[in-house]
Amino acid sequence: MHVVVIGAAGMLGRKLGDRLLADGGVAGQDLERLTLADVVPPEPPTQTAGGVEAVTADLTASGVADRLLATRPDLIFHLAAVVSGEAEADFDKGYRVNLDGTRALLEAVRTAHASDGYRPRLVFASSIAVYGSPLPDPIPEDFQHTPLTSYGTQKAIAELLLADYTRRGFVDGIGLRLPTICIRPGRPNKAASGFFSSILREPLIGEEAVLPVPDTVRHWFASPRAAVGFFLRAATLDSEALGPRRTLSMPGLSATVREQIEALRRVAGERAVRLIRREPDDAIIRMVQSWAPALDAGRALSLGFTAERSFDEIIRAHVEDELGGSL
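The rules behind the values
Residues numbered from 1 in each chain as written. Predicted model: local features only at pLDDT ≥ 70, side-chain atom pairs only at ≥ 80, totals over all residues. Heavy atoms only, no water. Helix = DSSP H or I, 4+ residues; strand = E, 2+ residues; numbered from the N terminus. Rg over C-alpha atoms; globule rule 2.2 N^0.38 Å. Buried < 20%, exposed > 50% of the residue type's maximum accessible area, 1.4 Å probe, protein only. Contact = heavy atoms within 4.5 Å. Areas by Shrake-Rupley, 256 points an atom, 1.4 Å probe, with all protein chains shown as cover. Lys, Arg positive; Asp, Glu negative; His and termini not counted. Charge placed at Lys NZ, Arg CZ, Asp CG, Glu CD. Salt bridge = Lys/Arg side-chain N within 4 Å of Asp/Glu carboxyl O. Axes fitted to C-alpha atoms, helices over the stretch in contact; angles between N-to-C directions. Parallel < 35°, antiparallel > 145°, perpendicular 65-115°, else oblique. Left-handed = near helix turned anticlockwise from the far one by under 90°. Nonpolar A, V, L, I, M, F, W, Y, C, P; charged D, E, K, R; others polar. Polar contact = N/O pair within 3.5 Å; in protein donor to acceptor, adjacent residues only side chain to side chain. Pairing = 2+ DSSP bridges. Right-handed = clockwise from strand over helix to strand, strands pointing away. Core = buried A, V, L, I, M, F, W, Y, C linked by side-chain atoms within 4.5 Å.

## Observations regarding the overall build of the chain
- Counting its secondary structure elements, the chain contains 12 helices and 14 strands.
- The C-alpha atoms of the chain give a radius of gyration of 19 Å, which matches the 20 Å a tight globule of 327 residues would have.
- Expressed as lengths along the three principal axes of its C-alpha atoms, the size of the chain is roughly 60 × 45 × 40 Å.
- Within the chain, buried positions represent 54% of all 327 residues.
- In the chain, the share of contacts with a sequence separation of at least 24, taken over all contacts with a separation of at least 6, comes to 76%.
- Summed over its atoms, the accessible surface of the chain is roughly 14,200 Å², and 49% of this surface lies on carbon and sulfur atoms.
- Taken together, the 36 basic and 42 acidic charged side chains of the chain have centroids lying 1 Å from each other.

What follows is the structure, given as structure tokens:
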């Protein structure tokens, strides 16, 4: 099997690449070749292996998507995106990367299909940002898309494109509507939701973190470990089980900021909690008011997707994966 990960320099892309190498394949099929692609050079995987190549690739540049598909990869993970806060701040960049880049990839697949019948499995990372208030709790998977951010709009359009290109037989596409991923390792990125990770990640290593929203804010979460599992499950899913509705709402955990902090107290103690400094930010508070508190992920659960059931689990997964297993 030849697998391409687009967006491989991002956090989830790196973790997905490492997991593919650790497993040696997908669903019993050996991994013969792994291509890691991004607009910046992807980091070398933690495991070195033959058949791994890292390439710099901007899907919006002419001919780049066609070159990525020249060797006809069997499986494509499309994770590349400009995140929510950056897409809102830079309108042109958000649409160029999140919409034009995705369309360029789909068009390259369509061109290859016309040439030789090529039809790969394409797993696309969508987002709960496709939904906008007023929202029911939980949000049914078929609830109308009324995004209130440019990022959510770009993801919603891409979901429709994925469904149509699949309907026309050009690609075997599956979209995953991801929860907010928490706890993200490393330094904060430009996502507006970054504080959900920061208020746990920094105190766990003895650093201060800023909380810009009230403790009562509720949202939908899954860990990076669970997200990688989502992608691998989607890679092997019988697409007949999806029918024409090609994007699934992923399972997760609905929790308030207060519940996050209480889990931190249970795992790391009062000293860690005292490192959270409250600094209300009106712009972020307004933004989170339109975010999903919980999703009905029954269809995904019935198809074998799983996620954590408590924030204690999410924090312990971070400690095991990023902090050597102990505090």
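After presenting the structure, the write-up continues.
## Quick notes on the pattern of salt bridges
- Under the definition given, this model contains 22 salt bridges.
- The closest approach of N and O atoms between arginine 33 and glutamate 53, which form a salt bridge, is 2.8 Å. Highlighted residues: arginine 33 in strand β4 (residues 33–38) and glutamate 53 in strand β5 (residues 52–56), separated in sequence by 20 residues.
- With its nearest N and O atoms 3.0 Å apart, the salt bridge here joins aspartate 172 to arginine 246. Residue aspartate 172 is located in strand β8 (residues 172–178), and its partner arginine 246 is located in the loop between α7 (224–236) and β12 (247–249); the two are separated by 74 residues in the primary sequence.
- One network of salt bridges, with partners in common, ties together Arg121, Asp172 and Arg246.

## Observations concerning helix α6 (residues 194–204)
- Most of α6 sits out of view: 11 of its 11 residues are buried.
- If you check which residues of α6 are buried, you get Gly194, Phe195, Phe196, Ser197, Ser198, Ile199, Leu200, Arg201, Glu202, Pro203 and Leu204.
- Directly beyond the C-terminal end of α6, a positive phi value near 80° is found at glycine 206.

## Points about the packing of α6 against helix α8 (residues 257–268)
- Put simply, α6 and α8 touch, their axes get as near as 10 Å, and they point 15° apart. Comparing their axes, α8 and α6 come out roughly parallel. Taken as a pair, α6 and α8 cross one another with a handedness that is right-handed. Counting all contacts with α6, which are made through Phe196, Ile199, Leu200, Pro203 and Leu204, the residues of α8 involved are Val257, Gln260, Leu264 and Ala268.
- Tallied by class, residues from the contact of α6 with α8 come to 8 nonpolar, 1 polar and no charged.

## A few points about the side chain of arginine 177
- Secondary-structure assignment places arginine 177 in strand β8.
- For arginine 177, a relative accessible area of 3% puts it in the buried group.
- A distance of 2.9 Å separates polar atoms of two side chains, one belonging to arginine 177 and the other to tyrosine 131.
- Residue contacts for arginine 177: discarding those within four places in its chain leaves Ser126, Ser127, Ile128, Val130, Tyr131, Glu141, His145, Glu159, Thr247, Leu248, Ser249 and Met250.

## Considerations on the pairing of β8
- Across the 7 residues of β8, 7 count as buried, placing the element largely inside the fold.
- Taking every second residue as pointing to the same face, both faces of β8 are buried, with Asp172, Ile174, Leu176 and Leu178 on one and Gly173, Gly175 and Arg177 on the other.
- Bridge count for strand β7 (residues 121–127) against β8 is 7 bridges, and the pairing is parallel. If you follow serine 127 over to β8, its bridge partner there is leucine 178.
- Between the parallel elements β7 and β8, the chain passes through helix α5 (residues 150–167) in a crossover that is right-handed.
- Summarising the sheet, β8 and β12 pair through 3 bridges and their orientation is parallel.

## Considering the nonpolar core
- In terms of nonpolar packing, the biggest core is built from 38 residues, with Leu20, Phe77, Leu176, Phe231 and Phe305 touching the most fellow members.
- Those elements giving two or more residues to this core turn out to be β1 (2–6), α1 (11–23), β4, β6 (75–78), β7, β8 and α7.
- No other element matches the 8 residues that α7 contributes to this core.
- Not counting the four nearest positions on each side in its chain, phenylalanine 77 is found in contact with Val3, Val4, Val5, Ile6, Leu16, Leu20, Val123, Phe231 and Ala235.
- Formed by 28 residues, the second largest nonpolar core is a distinct cluster that contains Val213, Ile261, Ile285 and Val288.

## Topic: the sheet that holds strand β13 (residues 253–256)
- Pairing within the open sheet is mixed, and its 3 strands lie in the order β9-β11-β13. The sheet is open, and its two borders are formed by β9 (180–181) and β13, each paired with just one other strand.
- Where β9 lies against strand β11 (residues 218–222), 2 bridges are found, and the strand directions are parallel. Bridge assignment links threonine 180 to a residue of β11, and that residue is phenylalanine 221.
- Strand contacts of α8: β11 and β13, with the helix running at about 90° to β13, the strand carrying the most contacts.

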